[in-house]
Amino acid sequence: MAHWAREDAKVRRRITAARKAMKTIETPDDTLRACAELCLALGSVGLRGELTLLKAARALAAFEKAPAVGRTHVRAVAPSALRHRLRRDPLDDAGSTSRVGRVLEDVFG
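In this text the structure is predicted, and so the values were computed from the model without any measurement.

Draft legend 1. Spatial organisation of the packing of aromatic side chains. As enumerated under the stated definition, the model contains zero aromatic pairs in all. Over the ring of F63 we find R14, and its NZ or CZ is 3.9 Å from the ring centre. The cationic tip of R71 hangs over the ring face of F108; the distance from NZ or CZ to the ring centre is 4.4 Å.

Okay, here's the thing in structure tokens:
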């Protein structure tokens, strides 16, 4: 039990530091463009998908102590940030996570 308490404390400190660092995380124009291209390619509903994707990518960058949001951050959070924002395609029997993964490969290479 003591081991997990120490591990929890480490994660808590990282999250607290990441929250403070969020103000300093830069978002390059090419990352903004990548978010927009991905959401357009997926046909996500409204602008909330882009905003959610960008916010989650920034949080991950801060957690990883990166100075700026990169495509790897966007790629890592895209399935969880976007899968519920997609219009359902009745002809696509794959799940939303699979669809996001396919479009990620198409857009990001």
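There's plenty left to go through after this.
Draft legend 2. Representation of the packing of helix α4 (residues 71-82) against helix α5 (residues 96-108) within the structure. Across the interface, α4 lies against α5 with an axial gap of 9 Å and an inter-helix angle of 155°. Taken together, the axis directions place α4 and α5 in an arrangement best described as roughly antiparallel. At the point where α4 passes α5, the crossing takes the right-handed sense. For the pair formed by α4 and α5, the contact residues are R71, V74, R75, A78, P79 and L82 on the first element and T97, V100, L104, E105, V107 and F108 on the second. Of the residues belonging to the contact of α4 with α5, the class tally is eight nonpolar, one polar and three charged.

Reading guide: rules and limits
Residues numbered from 1 in each chain as written. Predicted model: local features only at pLDDT ≥ 70, side-chain atom pairs only at ≥ 80, totals over all residues. Heavy atoms only, no water. Phe/Tyr/Trp six-rings, centres within 6.5 Å; stacked < 30°, edge-to-face > 60°. Lys NZ or Arg CZ within 6 Å of the ring centre and 35° of its normal. Axes fitted to C-alpha atoms, helices over the stretch in contact; angles between N-to-C directions. Helix = DSSP H or I, 4+ residues; strand = E, 2+ residues; numbered from the N terminus. Parallel < 35°, antiparallel > 145°, perpendicular 65-115°, else oblique. Left-handed = near helix turned anticlockwise from the far one by under 90°. Contact = heavy atoms within 4.5 Å. Nonpolar A, V, L, I, M, F, W, Y, C, P; charged D, E, K, R; others polar.

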